[in-house]
Amino acid sequence: MSSPRDVVITGIGLVSSLGEGPDAHWQKLAQPGLQPVIEAARFAPYTVHPLPEIDWNLQIAKRGDQRQMETWQRLGTYAAGLALDDAGIKGNDELCTTMDMVVAAGGGERDEAVDAAILAASESRNDRDVLLNEKLTTELRPTLFLAQLSNLLAGNISIVHKVTGSSRTFMGEEGAGVAAVETAAARIRSGQSTHILVGGAFQTEHSDMLLGYELAGYLHRGPWKPVWQRQGAEGGGLVSGSGGAFLVLEQREHAESRGRKIYAELGPVVSGRARRSRGELDAEIAALLKQAALPSRKLLALSGASGAHTATSAEKAALDANPAISARGFATLTGHMKEAQFPFAVALAALAVDRKAAYPVFDAATEKPFEGIPQTVLATAIGYHQFEGMALVNAA
Amino acid sequence: MANLRDHMGRPIVAVTGIGVVTSLGIGKADNWAALTSGKSGIHPITRFPVDHLNTRISGMVDFLDSSSKGASLLTYELAETAANEAVAESGLDSNDFGGPLFLASPPVELDWHDRFSLYNSDGQGAGAERLLRVARGLKETDTFATTQFGAIADRLADRFGTRGLPITLSTACASGATAIQLGVEAIRRGECDRALSIGADGSATAEALIRFSLLSALSTHNDIPEKASKPFSKDRDGFVLAEGSGALVLESLEAALARGASVLGILRGCGEKADDFHRTRSKPDGSPAIAAVRAALADAGLSKDEIDYVNAHGTSTPENDKMEHLSLSTVFGERIGSMPVSSNKSMIGHTLSAAGAVEAAFSLMTMRESVIPPTINYDNPDPAIVLDVVPNKKRNAEVGTVLSNSFGFGGQNTCLVMAREPV
């Protein structure tokens, strides 16, 4: 039964190595046997899924605004603009000034050249703290700080797209994306908000972004493999990708009153924090699946699995244990997009529901076909290191 | 029987525990004694060399075990210390808190000391390529943890036994207030009976100082450190970078009364409004800050005449104080000239991600103690800012309601309204 306070998805903005926008993603992902776009040389021995060519002017009209951002913020602002356009909100002052926003963010790009110069100089200096002061005071671009601040992705979205109802930034890898969607949905269901922009972006083509994974050995090395097939291969199993995903979530009544197309209804969003060092991950995933109240019929699942060995094998085991579930590990084709991973999973789930068709297998060796029309689709993000979340996305 | 629902039929949110750490000390007692005697915590920087730096003073917290161990460990210890005080005061189980955690903390980055140490542990190759190669051979994950944005909250969740996925957030200098707002909203939605909201910031590294300095945001009055932070003064020249933490145990009034807890104050309302004008400057007409104040009043169900005192954002930057005066005088009209408005930052500096939580803690104490902490260093009033800033000396006054402002880079504006009694 639909209710006026249901949370519905009325806008989707996507960017990944596969292209931009929901249509481009659907067309690509619906092709059986689609090959991923990968870049294996630039960061060898690591493979990444790079950004496609983007004409930033299409969503960030002012060059001055573009110059104030580095790629991560531009990417997020761009993807947010796509979602606003898609929902018919962009340029509508009344809707933008009352729109709430929750952004899942990490940090922005450091100046690699300045860092490399300081590190090189540190080899011959013992007064490294003085070296730091000397170099940073003279070589840092003043505005770069703003391009690095986590909450300035939201800040730029306010400036460029005029979304100013409220602005909150959640941090914490995949968990930030989960909490952002979960909180946004809860605010709409309780009547605290009528329409919310929620999402995130990740720009992996920067050494620090790889370092953030590799300090614990999470990155896959050697020849690329599908996300489910990296156990036992060299490295930690995770292949990252640049991309962004924003959703416009709206109260059903609000969307209907302005006559908008509804992609899907967002059902339960559940989250958890397994104490993984105590071996709680398997039980936590099982508990979340139960809490999400999966329907008894066959179910398509858009898995955000990263490839990280422990988390990915735990998730695979849990999904395989339920014969009704046909999982699609989309990181095979997009790479792992950290804070954007869960919003991306929800967006792909909404697209399948809207197009009334399942995605073909992304990995013929491990995934099984899904026949028929998916009425409900599961979206997951089991963090490569910590935090877990899932959502059910239902036909509108 | 107290009314348990507010003017909109939502559960009333009570505060049952308060914790705080600033450069003035650990805990409410030490902080309150210093704050009400007009003592400044601003001092010369000793944590790192100050060669080449234009600003050589701060309100760093230098007396904790982790004070010299990097931003991540210090932020954790600050958060843990304040939360421990708050949870202990609430009488709840400090290992099994049983409600969600909302943590306002600074964005994390690999500390330069770790960067140097990784880099120089190997002589081959250069730059990022060398760092990545060394990284994948590491046998420990402590360094990794300092680069994960969710790691501090994860550790706090273990320490206090909070429930579910902890939320780590940043709304720049409004973060601490946002953490409280998220807790209030969760209780009002009926998702939980209690929440732990913390703002903590131990990120005053050399690089952080230099970054703010390059944006001309910091005071360079180095000679007499305790005089550098002078909100609303004519010669104010920037904020003083500082560290600290504030923690509140929030509980539905109903749950608090049911278990016989002492109610320390009421979180009556929260309001926010984003600014789309500029990354670091606010809209010249102050409309977003004005809207945030009005939203907080409306959420609290109070009229502008029902606010007794304003705990100002009052950073001591030329821009903030001017804009804050404009917004307050717009909202409160002529009454603003006779309403006490003071800035804790005159004594503790700007604790960034923690500020909203630290200042909420002090706002609650202001009501409980019937003493308004002063704005110190108010020797040259800015003639364009006509406010009763409670100059230089504390004031005894009955305070039943407080508005606490937090405004930040990226157009973040969040205001909290607190009350002494549930009404």
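Residues numbered from 1 in each chain as written. Chains lettered and ligands numbered in written order. Predicted model: local features only at pLDDT ≥ 70, side-chain atom pairs only at ≥ 80, totals over all residues.

**Here we look at the overall build of chain B**
Here's step 1: For chain B, the count of helices and strands is 13 helices and 15 strands.
Here's step 2: Relative to the globule expectation of 22 Å for 423 residues, the C-alpha radius of gyration of chain B, 21 Å, shows essentially globular dimensions.
Here's step 3: Buried positions account for 65% of the 423 residues belonging to chain B.
Here's step 4: Long-range contacts, defined as pairs at least 24 residues apart, comprise 78% of the intrachain contacts of chain B with a sequence gap of at least 6. (Helix = DSSP H or I, 4+ residues; strand = E, 2+ residues; numbered from the N terminus. Rg over C-alpha atoms; globule rule 2.2 N^0.38 Å. Buried ≥ 20, exposed ≤ 12 C-beta atoms within 10 Å, placed from the backbone. Contact = placed C-beta atoms within 7 Å.)

**Concerning the domain arrangement of chain B**
Here's step 1: When cut into domains, chain B gives domain 1 (13-111 + 146-419) and domain 2 (115-144).
Here's step 2: If you average the C-alpha positions of domain 1 of chain B and of domain 2 of chain B, the two centres end up 37 Å apart. (Domains from an automatic or database assignment.)

**Things to note about the interface of chain A and chain B**
Here's step 1: Listed per partner, the contact involves 62 residues of chain A and 63 residues of chain B.
Here's step 2: Sorting the residues of the side of chain A that touches chain B by element identifies helix H5 (112-122), helix H6 (128-139), helix H7 (144-148), helix H8 (152-161), strand S5 (168-171), helix H9 (173-189), helix H10 (207-214) and strand S9 (264-272) of chain A as the ones contributing at least two each.
Here's step 3: The element best represented in the side of chain A that touches chain B is H6(A), accounting for eight residues.
Here's step 4: Pairing of S5(A) with strand S6 (residues 167-170) of chain B, which is carried by three bridges, proceeds in the antiparallel orientation. Paired with A:Thr169 across the two strands is B:Ser170, which belongs to S6(B). (Pairing = 2+ DSSP bridges.)

**Focus: helix H15 (residues 341-355) of chain A**
All names here are of chain A.
Here's step 1: The terminal C-alpha atoms of H15 lie 21 Å apart, and with 15 residues this matches the ideal 21 Å at 1.5 Å per residue to within 8%.
Here's step 2: Burial analysis of H15 places 13 of its 15 residues in the buried class, which makes it a mostly covered element.
Here's step 3: Count one or two residues on from H15 and you reach Lys 356, which has phi positive near 55 degrees. (Expected span 1.5 Å × (residues − 1).)

**A few points about the packing of H5(A) against H6(A)**
Residues and elements named next belong to chain A.
Here's step 1: The interhelical angle for the contact between H5 and H6, taken along N-to-C directions, is 150 degrees, at an axis separation of 10 Å. The orientation of H5 relative to H6 falls into the category roughly antiparallel. Remark: the crossing between H5 and H6 carries right-handed chirality. Mapping the contact onto sequence places Val 114, Ala 117, Ile 118, Ala 121 and Ser 122 in H5 and Arg 128, Leu 131, Leu 132, Lys 135 and Glu 139 in H6.
Here's step 2: A breakdown of the residues in the contact of H5 with H6 according to their chemical character gives six nonpolar, one polar and three charged. (Axes fitted to C-alpha atoms, helices over the stretch in contact; angles between N-to-C directions. Parallel < 35°, antiparallel > 145°, perpendicular 65-115°, else oblique. Left-handed = near helix turned anticlockwise from the far one by under 90°. Nonpolar A, V, L, I, M, F, W, Y, C, P; charged D, E, K, R; others polar.)

**A word on the UniProt feature "domain: Ketosynthase family 3 (KS3)" (unreviewed entry) in chain B**
Here's step 1: As recorded in UniProt, the feature "domain: Ketosynthase family 3 (KS3)" (unreviewed entry) lies at residues 10-420 of chain B.
Here's step 2: As a span, residues 10-420 of chain B carries 34% helix and 18% strand, and end to end its C-alpha atoms are 18 Å apart. (UniProt positions renumbered as here; feature names shortened; annotations may be inferred.)

**Re the domain arrangement of chain A**
Interfaces are often sized by the amount of accessible area the parts lose when they come together.
Here's step 1: According to the domain assignment, chain A contains domain 1 (7-108 + 149-395) and domain 2 (111-140).
Here's step 2: Domain 1 of chain A and domain 2 of chain A are separated by 37 Å when their C-alpha centres are compared.

**Comments concerning the environment of A:Leu249**
Here's step 1: Tracing the backbone shows A:Leu249 in strand S8 (residues 243-251).
Here's step 2: When sequence neighbours within four positions are dropped, the list of residues in contact with A:Leu249 reads A:Val7, A:Ile9, A:Ala184, A:Ala185, A:Ile188, A:Ile196, A:Val198 and A:Leu266.

**Points about helix H10 (residues 287-300) of chain B**
Residue and element names in this part refer to chain B.
Here's step 1: Spanning 14 residues, H10 covers 20 Å between terminal C-alpha atoms, matching the ideal 20 Å at 1.5 Å per step.
Here's step 2: Extensive coverage of H10 is indicated by the burial of 11 of its 14 residues.
Here's step 3: The set of residues buried in H10 consists of Pro 288, Ala 289, Ile 290, Ala 291, Ala 292, Val 293, Ala 295, Ala 296, Leu 297, Asp 299 and Ala 300.
Here's step 4: The inward-facing, buried residues of H10 abut strand S9 (265-272), helix H11 (318-332), strand S14 (401-408) and strand S15 (412-419).
Here's step 5: Backbone geometry just after H10 places Gly 301 at a positive phi near 70 degrees.

**Digging into the packing of helix H7 (residues 175-188) of chain B against helix H13 (residues 355-369) of chain B**
Residue and element names in this part refer to chain B.
Here's step 1: Between H7 and H13, the shortest axis-to-axis distance is 4 Å and the interhelical angle comes to 70 degrees. When the axis of H7 is compared with that of H13, the two are roughly perpendicular. Of the residues in H13, those touching H7 at Ser 175, Gly 176, Ala 177, Thr 178, Ala 179 and Ile 180 are Ala 355, Gly 356, Ala 357, Val 358 and Ala 360.
Here's step 2: Residues belonging to the contact of H7 with H13 are distributed by class as follows: seven nonpolar, four polar and no charged.

**Describing unusual backbone geometry**
Here's step 1: Of note, the amide linkage connecting A:Ala44 to A:Pro45 takes the cis form, showing an omega dihedral of 10 degrees.
Here's step 2: Of note, A:Pro45 is situated in the loop between helix H1 (22-29) and strand S3 (48-49).

**Some remarks on the confidence of the model for chain B**
Here's step 1: Of all residues in chain B, 100% have pLDDT values of 70 or greater, and the mean over the chain is 97.
Here's step 2: Here the complex is predicted with pTM 0.98, and the ipTM for its interfaces comes to 0.98. (pLDDT = per-residue confidence, 0-100.)

**Looking at the pairing of S6(B)**
Residue and element names in this part refer to chain B.
Here's step 1: A two-sided burial pattern is seen for S6, the buried positions comprising Ile 167 and Leu 169 on one face and Thr 168 and Ser 170 on the other.
Here's step 2: As defined by bridge partners, strand S5 (residues 101-104) adjoins S6 across three bridges and the pair is classed as parallel. Of the residues in S6, the one forming a bridge with Phe 102 is Ile 167.

**Things to note about the environment of B:Ser353**
Residue and element names in this part refer to chain B.
Here's step 1: With respect to the secondary-structure elements, Ser 353 resides in the loop between helix H12 (345-348) and H13.
Here's step 2: Expressed as a C-alpha distance, the spacing of Ser 353 and Gly 246, which sit 107 residues apart in the sequence, is 10.0 Å.
Here's step 3: Excluding its chain neighbours within four sequence positions, the residues that come into contact with Ser 353 are Ala 104, Ser 105, Pro 106, Ser 170, Ser 175, Gly 176, Gly 199, Ala 200 and Asp 201.

**Brief notes about the pairing of S15(B)**
Residues in a regular strand project their side chains so that they alternate between the two faces of the sheet.
All names here are of chain B.
Here's step 1: Within S15, eight of the eight residues are buried, which leaves it mostly tucked inside the rest of the structure.
Here's step 2: Note: S9 against S15, six bridges, orientation antiparallel. Each residue of the ladder has a partner; that of Cys 270, found in S15, is Leu 416.
Here's step 3: Looking at chain direction, S14 and S15 are connected through eight bridges and run antiparallel. The partner of Thr 401 across the bridge, within S15, is Ala 419.
Here's step 4: In this structure, the hairpin formed by S14 and S15 is closed by a connection of three residues, where Gly 410 is found at a positive phi of approximately 85 degrees.

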